[in-house]
Amino acid sequence: MDRRTRVLVVAIVVSFIAFLDGAVINVALPALAAELGGGLALQQWAVDAYLLTLGSLILLAGSLSDSFGRLRIIRIGLYGFAATSMLCALAPDGVLFVIARALQGAAGALLVPSSLALIIATFPHAEQGRAIGRWTAWTTAAFLVGPLFGGVLVDLVSWRLVFWINVLPIAGVLIVMRALGRDEPNPNRERIDWTGAALGVAGLGGTVFALIEGGRFGWGSPIVLVPLAAGIAALVAFVWWERRAPQPMLPLSLFRARNFAAGNVATFFIYASIALGPFVMTIFLQETGGFSATLAGLATLPPTVMLVLLGSWFGERSTRWGPRILMTLGPITMAAGYLLTLSVQRDLNYWTQFLPGILVAGLGLAMTVAPLTSAILGAVDPARAGIGSAVNNAVARIAGLVAVASIGVIVGAQLDVDGYHRAAIAVAAFLIVGGVISWIGIRNPPLATGSGQADTPSTTPVPPDASGRGHPGVMASQRILRSRRIL
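If you're wondering where the values come from, they're calculated on a predicted model, not measured in any experiment.

### What about the overall build of the protein chain?
Next, step 1: A tally of regular secondary structure across the protein chain gives 18 helices and 2 strands.
Next, step 2: Counting over 487 residues, the protein chain shows a buried share of 59%.
Next, step 3: Across the protein chain, every contact between residues at least 6 apart in sequence was considered, and the portion connecting residues at least 24 apart equals 82%.
Next, step 4: Surface accessibility of the protein chain: about 18300 Å² in total, with carbon and sulfur atoms responsible for 65%.

### So, the pattern of salt bridges
Next, step 1: Tallied over the full model, the rule gives 3 salt bridges.
Next, step 2: Linking Arg216 and Glu213 is a salt bridge whose minimum nitrogen-to-oxygen distance equals 2.8 Å. Placement of both Arg216 and Glu213 in helix α8 (residues 194-217) is noted, with a separation of 3 residues, approximately one turn of the helix.
Next, step 3: Ionic pairing is found between Glu316 and Arg317, a salt bridge with its closest N-O pair at 4.0 Å.

### A word on the packing of aromatic side chains
Next, step 1: Counted according to the given criterion, the structure contains 13 aromatic pairs.
Next, step 2: With a centroid separation of 5.0 Å and 85° between ring planes, the pair formed by Trp313 and Phe314 is classed as edge-to-face.
Next, step 3: For the ring pair Tyr350 and Phe354, a centre distance of 6.3 Å and an interplane angle of 20° mean the geometry is stacked. Taken together, the residues span about one helical turn, with Tyr350 and Phe354 both in helix α14 (residues 350-378) at a distance of 4 residues. Summarising the burial analysis for this pair, Tyr350 and Phe354 share the class buried.
Next, step 4: Ring-pair connections join several aromatic residues into one group, and the members of that group are Phe284, Phe291, Tyr350, Trp351, Phe354 and Tyr420.
Next, step 5: Over the ring of Trp313 we find Arg317, and its NZ or CZ is 4.4 Å from the ring centre.

### Observations concerning the nonpolar core
Across soluble globular proteins, nonpolar side chains have a tendency to be buried as a group.
Next, step 1: Leu59, Leu78, Phe97, Ile119, Phe279, Phe354 and Tyr420 are the most contacted members of the largest nonpolar core, which totals 147 residues.
Next, step 2: Broken down by element, the residue count for this core peaks at 18 residues, all from helix α1 (residues 3-36).

### Considerations on helix α7 (residues 167-177)
One full turn of an α-helix is made of 3.6 residues, so residues set three or four places apart face in the same direction.
Next, step 1: Taken together, the buried positions of α7 are occupied by Ile170, Val173, Leu174, Val176 and Met177. End-on, the buried residues of α7 take up no more than an arc of 160°, which puts them together on one face. For α7, the exposed residues lying more than 90 degrees away from the buried face are Leu168 and Ile175.

### Describing the side chain of Ser56
Next, step 1: With respect to the helices and strands, Ser56 occurs in helix α2 (residues 39-68).
Next, step 2: A distance of 2.5 Å separates the side chain of Ser56 from the backbone oxygen of Leu52, its partner in a polar contact.
Next, step 3: Excluding residues that lie within four positions of it along the chain, Ser56 makes contacts with Leu51, Gly200, Val201, Leu204 and Met249.

### With respect to the side chain of Glu242
Next, step 1: In this structure, Glu242 sits in helix α9 (residues 222-244).
Next, step 2: For Glu242, a relative accessible area of 3% corresponds to the buried category.
Next, step 3: One polar contact links the side chain of Glu242 to the main-chain amide nitrogen of Leu250, over a distance of 2.7 Å.
Next, step 4: Among residues more than four places away in sequence, those in contact with Glu242 are Asp193, Gly196, Pro248, Met249, Leu250 and Leu252.

### Some remarks on helix α12 (residues 302-321)
Next, step 1: Over its 20 residues, α12 runs 27 Å from end to end, which matches the ideal 28 Å to within 8%, given 1.5 Å per residue.
Next, step 2: At Leu310, α12 is bent by approximately 50°, the largest bend along its length.
Next, step 3: Of all the positions in α12, only Pro302, Pro303, Thr304, Met306, Leu307, Gly311, Phe314, Gly315, Arg317, Ser318 and Thr319 are classed as buried.
Next, step 4: Where α12 ends, the next residue or the one after it, Gly322, has phi of about 90°, a positive value.

### Topic: the environment of Phe209
Next, step 1: Residue placement: Phe209 occurs in helix α8.
Next, step 2: Residue Phe209 is classed as partly exposed on the basis of its relative accessible area of 25%.
Next, step 3: Between the alpha carbons of Phe209 and Val224 there is a distance of 7.4 Å; along the sequence they are 15 residues apart.
Next, step 4: Those residues within four positions of Phe209 in sequence are excluded, and the remaining contacts are Trp45, Gly214, Ile223 and Pro227.

### Considering the confidence of the model for the protein chain
Next, step 1: The pLDDT averaged across the protein chain works out to 84; a share of 88% of its residues lies at or above 70.
Next, step 2: Considering only residues more than four positions removed or in separate chains, one finds that residues 448-487, a stretch of pLDDT under 50, has 166 contacts.

### Thoughts on the environment of Ile442
Next, step 1: One can find Ile442 in the loop between α17 (417-441) and β1 (460-461).
Next, step 2: Taking C-alpha positions, Ile442 is 9.4 Å from Ala266, a pair spaced 176 residues apart along the chain.
Next, step 3: Discounting residues that sit within four places of it in the chain, Ile442 has contacts with Asn259, Ala262, Gly263, Pro323, Arg324, Met327, Ala375 and Ile437.

### Thoughts on the packing of helix α3 (residues 70-90) against helix α4 (residues 94-122)
Next, step 1: Between α3 and α4, the least distance of the axes is 8 Å, while the angle of their chain directions is 150°. Classified by the interaxial angle, the pair formed by α3 and α4 is roughly antiparallel. Relative to α4, α3 is oriented so that their crossing is left-handed.
Next, step 2: Class assignment for the residues of the contact of α3 with α4 results in 17 nonpolar, 8 polar and 2 charged.

Criteria and thresholds
Residues numbered from 1 in each chain as written. Predicted model: local features only at pLDDT ≥ 70, side-chain atom pairs only at ≥ 80, totals over all residues. Heavy atoms only, no water. Helix = DSSP H or I, 4+ residues; strand = E, 2+ residues; numbered from the N terminus. Buried < 20%, exposed > 50% of the residue type's maximum accessible area, 1.4 Å probe, protein only. Contact = heavy atoms within 4.5 Å. Areas by Shrake-Rupley, 256 points an atom, 1.4 Å probe, with all protein chains shown as cover. Salt bridge = Lys/Arg side-chain N within 4 Å of Asp/Glu carboxyl O. Phe/Tyr/Trp six-rings, centres within 6.5 Å; stacked < 30°, edge-to-face > 60°. Lys NZ or Arg CZ within 6 Å of the ring centre and 35° of its normal. Core = buried A, V, L, I, M, F, W, Y, C linked by side-chain atoms within 4.5 Å. Arc of directions from axis to C-beta. Polar contact = N/O pair within 3.5 Å; in protein donor to acceptor, adjacent residues only side chain to side chain. Expected span 1.5 Å × (residues − 1). Bend = angle between axes of the 7 residues up to and from the residue. pLDDT = per-residue confidence, 0-100. Axes fitted to C-alpha atoms, helices over the stretch in contact; angles between N-to-C directions. Parallel < 35°, antiparallel > 145°, perpendicular 65-115°, else oblique. Left-handed = near helix turned anticlockwise from the far one by under 90°. Nonpolar A, V, L, I, M, F, W, Y, C, P; charged D, E, K, R; others polar.

Here it is, written out as structure tokens:
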């Protein structure tokens, strides 16, 4: 195995591990809560503890990768992910499990930005497109096999095996990495924005704690009000610091570009729904519909399949028509799909009450993800496309974090039929807001002279996840390749 093949294998396996973990967790939540207790709140924390550290540290991790070497950061991330996976699998109660998930998210943040950067640093420019295409194809597989694979593990053995299974591919990739040696730190590395990272974690952590625990302790309780106030104060301080820091983790100057600013606001609402919808569906199908974990995984798979099959086609349409129309119609189509599922009743008939709606939602998803990333990265100078992609990824992760944390506010303490109906309406409302923001805020780039096509980057679809590199759902690979600065 030559060095380039070895690097590609490492990048694929590292990303596959992180993506697979995000893809399987939803189907394990009912079994996890049944064993450890904690109900809906534990299920929220099982997802959000991971997203909290991943979303708030991913920009920092990109800087660490650039400064101290991709291989070094990947190794640290792999050891950390293996150790925290074992902690999750061995957790005797919900508190220790949530702590382990938060640590696992921090390790995942180290893995995610470095894997694709390793490809760019190793392959010559002419071969990068093919290498990234192979990387994309394999990581996409994580979303196709994840729900089914996780459901089988939960049904036949235990939810704990979902985390134990991570150790095997990690051990294998660490062996493969031995031949790659070690990389040296960058002597011209930039200063790491530790202050910004700490404020980001504190701000998101306090806010999310209040959203999840407000229903249990009451919104007037000091246990909720103090973390909420501290979280809001930390977020305000984060913005203040990032405006003044000499080398900020989040360059706010990026938001001066109209499409970047509007696209990220739309991303927040659209990806809040992308996180909230499948989370609610998977739990509802198992706890109220009586589905096994395996069947629930299969039942929620159609939108991912449609994204894989149709995402590239809609990406090409975005190049021809501009992203604005698809960024508007896509979320609204998804909203229509979720509203169709309001026909769900206690005597659940999946084929007539659920499937039509999620097929329509899948069509809208395929329409949305490629144009969304094209618009955002197309608004960023090519030299800053890497950080632009990382910022958009962080926004999407944080949107999912806040959405899942808000479930208790939306549905109450139990995901029964009425609770699901409220959640579906909330998801549809988020999507409609995202579509309206896109129509008002996004502007199509000018047509390239003589081409008849909008000058936007080509795209390759990758399904949305709870922990992926690049924008969830899609890689704007051409723009990123030109930048040569991948986080």
